[in-house]
Amino acid sequence: MQTLSDIRHLALDLDGTLYLGSRCFESTLPFLATLRDLGIGRTFFTNNSSKSTRQYVQHLSALGICCDESDIFSSTLCTIEYLRGEHAEIRRVFVLGTPALRQEFAEAGFAPAGEEPSDEPDAVIVGFDTSLTFDRLGRAAWWITRGKPFIATHPDRVCPTDQPTVLPDCGAICKLLSHATGREPQAVLGKPNPRMLRGIIERHALRPQQLAVVGDRLYTDMLMARAAGAIGVLVLSGETTRRQAEEADPRPNYIVQDVGELAKLLAKSRSREAIQC
């Protein structure tokens with residue numbers, strides 16, 4: 001049985017887990033301090049591909065969370081690793097995403113293409129595009145109907161927000177494109193794809209049971225944890241209700257109200273571990 005005392009590193013979801021939109025949860029900073037005190041590592045994981053790694057560092061810093069680019073792993077980076085590892089022939093891409101997402105692909109060595117009918121891309125990459133325009137949506141659909149590989153950075157249907165609106169995310173945009181073109185994405189990266197955890201397990205020489213995924217979504221965070229053999233800790237500070245969590249099949253390994261409750265459980269598990277030693 002996987003227990004909290006086994007955990008040596010946490011893969012921490014961001015929106016809905018540590019903060020909501022521009023509001024940091026009260027329990028977040030004390031929780032991160034507890035991790036430092038206990039000697040537990042952490043990597044910030046996110047499916048939100050609308051921001052660059054650099055922007056995430058800036059956003060977290062503005063919330064009082066100190067980190068650098070090596071502490072961030074996003075669905076964008078997962079998609080770039082996937083292309084490099086399995087599709088080296090793809091070098092020119094039409095990216096349906098924010099300027100930040102397009103810039104991150106450019107900085108990774110992928111040439112922008114597909115804006116004009118004569119400028120043929122090798123693939124279409126779809127992310128969470130908060131700058132979406134009808135013209136670029138139609139251009140993506142055109143290249144998809146031409147048989148170009150159709151790759152999504154992540155499957156999320158909506159992005160969490162503290163504002164009175166609904167933010168259709170990458171999964172919703174892909175559904176629109178699929179309905180228009182008759183084609184589904186051939187690859188969907190990000191959570192729950194276990195590729196999101198492969199790098200951290202190798203980088204920190206972990207066994208899967210020494211890694212816990214902490215997040216607010218059953219169909220991404222918890223599904224990824226189970227697929228990778230890691231521990232799943234569901235927080236109820238974001239999308240999932242307690243009833244949904246308790247009725248889930250399979251259930252997460254742990255269900256907590258927020259990361260503050262998780263901090264107490266981790267500290268308690270370490271105290272027991274010390275007593276046993």
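Heads up: the structure comes first, above all this text.
What comes next is a walk through the structure. Residue numbers restart at each chain and count upward from 1, following the sequence in its written direction. Totals for whole chains, interfaces and linings use all residues, but because this is a predicted model, local features are given only for residues with pLDDT of at least 70 and pairs of side-chain atoms are given and counted only at 80 or more. Side-chain measures here rest on the full set of heavy atoms in the structure, leaving out hydrogens and waters.

With that out of the way, let us pick up the overall build of the protein chain. The helix and strand tally for the protein chain stands at ten helices and 15 strands. Just to be clear, the radius of gyration here is over C-alpha atoms, and the globule rule we use is 2.2 Å times residues to the power 0.38. Taking 2.2 N^0.38 as the reference for a compact globule, 277 residues should give roughly 19 Å; the C-alpha atoms of the protein chain span a radius of gyration of 19 Å, in line with that estimate. Projected onto its principal axes, the C-alpha coordinates of the protein chain cover approximately 70 × 40 × 35 Å. The long-range fraction of contacts in the protein chain, counting pairs at least 24 apart against all pairs at least 6 apart in sequence, stands at 68%. To be clear on the numbers: accessible area is Shrake-Rupley with a 1.4 Å probe, and residue cover counts the displayed protein chains and nothing else. As presented, the protein chain carries roughly 12800 Å² of accessible surface, and 52% of it is formed by carbon and sulfur atoms. Helix and strand definitions here come from DSSP, where helices need a minimum of 4 consecutive H or I residues and strands a minimum of 2 consecutive E residues; each element is numbered from the N-terminal end. Note on definitions: a residue-residue contact is assigned when non-hydrogen atoms from the two residues lie within 4.5 Å.

So, about the pattern of salt bridges. Any carboxyl oxygen of Asp or Glu that lies within 4 Å of a side-chain nitrogen of Lys or Arg is treated as forming a salt bridge with it. Taken as a whole, this structure holds 13 salt bridges when the rule is applied. The partner of Glu-69 in a salt bridge is Arg-54, and the shortest N-O contact between them spans 3.9 Å. On the criterion of sequence distance, the pair formed by Glu-69 in the loop between α2 (53-62) and β5 (72-74) and Arg-54 in helix α2 is long-range, its members being 15 residues apart. Only protein chains enter the accessibility calculation, which uses a 1.4 Å probe. A residue is then buried if its area is under 20% of the maximum for its type, exposed if over 50%, and partly exposed in between. A relative accessible area of 41% means that Glu-69 is categorised as partly exposed. We note a salt bridge from Lys-148 to Glu-120, for which the minimum N-O separation is 2.3 Å. Within this pair, whereas Lys-148 is found in the loop between α5 (134-145) and β9 (150-152), its partner Glu-120 is found in the loop between β7 (111-112) and β8 (123-126), the two being separated by 28 residues in sequence. When its relative accessible area of 45% is taken as the criterion, Glu-120 is described as partly exposed. Via salt bridges that share partners, Asp-13, Lys-191 and Asp-221 belong to a single interconnected network.

So, about the sheet that holds strand β14 (residues 231-235). Reading across from one edge, β5-β4-β1-β13-β14-β15 is the order of the six strands in this open sheet, with parallel pairing throughout. In the strand order of this sheet, the two ends are held by β5 and β15 (254-256), each with one partner. Taking the axes of each pair of neighbouring strands and ignoring which way they run, one obtains an average angle of 25° across the sheet. With axes taken as lines fitted to C-alpha atoms, and helix axes fitted only over the stretch in contact, angles between N-to-C directions fall between 0 and 180 degrees. The sheet contacts of helix α1 (residues 28-38) involve β1 (9-13) and β4 (41-46), and relative to β1 the element is tilted by about 165°. Strand pairing is assigned whenever DSSP identifies at least 2 bridges connecting the two strands.

A few words now on the packing of helix α3 (residues 75-86) against helix α4 (residues 99-107). At their nearest, the axes of α3 and α4 sit 11 Å apart, and the two run at 35° to each other. Crossing handedness for the pair α3 and α4: right-handed. Facing α3, whose interface residues are Thr-76, Leu-77, Thr-79, Ile-80 and Leu-83, α4 presents Leu-101, Glu-104 and Phe-105. Residues that form the contact of α3 with α4 fall into these classes: five nonpolar, two polar and one charged. In this scheme the crossing of two helices becomes right-handed for a clockwise turn of the near helix relative to the far one and left-handed for an anticlockwise turn of less than a right angle. When residues are sorted by character, Ala, Val, Leu, Ile, Met, Phe, Trp, Tyr, Cys and Pro go into the nonpolar class, Asp, Glu, Lys and Arg into the charged class, and all the rest, Gly among them, into the polar class.

Turning our attention to the pairing of strand β13 (residues 211-215). Burial of β13 is extensive: five of the five residues sit out of reach of the surface. Here β13 shows no split at all, with Leu-211, Val-213 and Gly-215 on one side and Ala-212 and Val-214 on the other all buried. Relative to β13, β1 is paired through four bridges, and the arrangement is parallel. Note on β13: the bridge partner recorded for His-9 is Leu-211. Note: β13 against β14, four bridges, orientation parallel. In the strand pairing of β14, Val-213 is matched with Gly-232.

This paragraph deals with the packing of α5 against helix α6 (residues 170-181). The contact between α5 and α6 brings their axes to 10 Å, and the two run at 55°. Looking at the two axes, α5 sits oblique to α6. Along this stretch, α5 crosses α6, giving a crossing that reads as right-handed. On α6, the residues touching Leu-137, Ala-140, Ala-141, Ile-144 and Thr-145 of α5 are Ile-173, Leu-176, Leu-177 and Thr-181. Each residue belonging to the contact of α5 with α6 can be placed in one class, and the counts come to seven nonpolar, two polar and no charged. Roughly parallel means an angle under 35 degrees; roughly antiparallel, over 145; roughly perpendicular, 65 to 115; everything else is oblique.

Quick look at unusual backbone geometry now. The amide bond that connects Lys-191 to the next residue, Pro-192, takes the cis arrangement and shows omega of 15°. Positionally, Pro-192 belongs in the loop between β12 (187-188) and α7 (195-203). The peptide bond linking Asp-249 to Pro-250 adopts the cis configuration, its omega dihedral lying at 5°. Phi is positive for Ala-205, which is not a glycine, with a value near 50°. Within the secondary structure layout, Ala-205 lies in the loop between α7 and β13. When its relative accessible area of 68% is taken as the criterion, Ala-205 is described as exposed.

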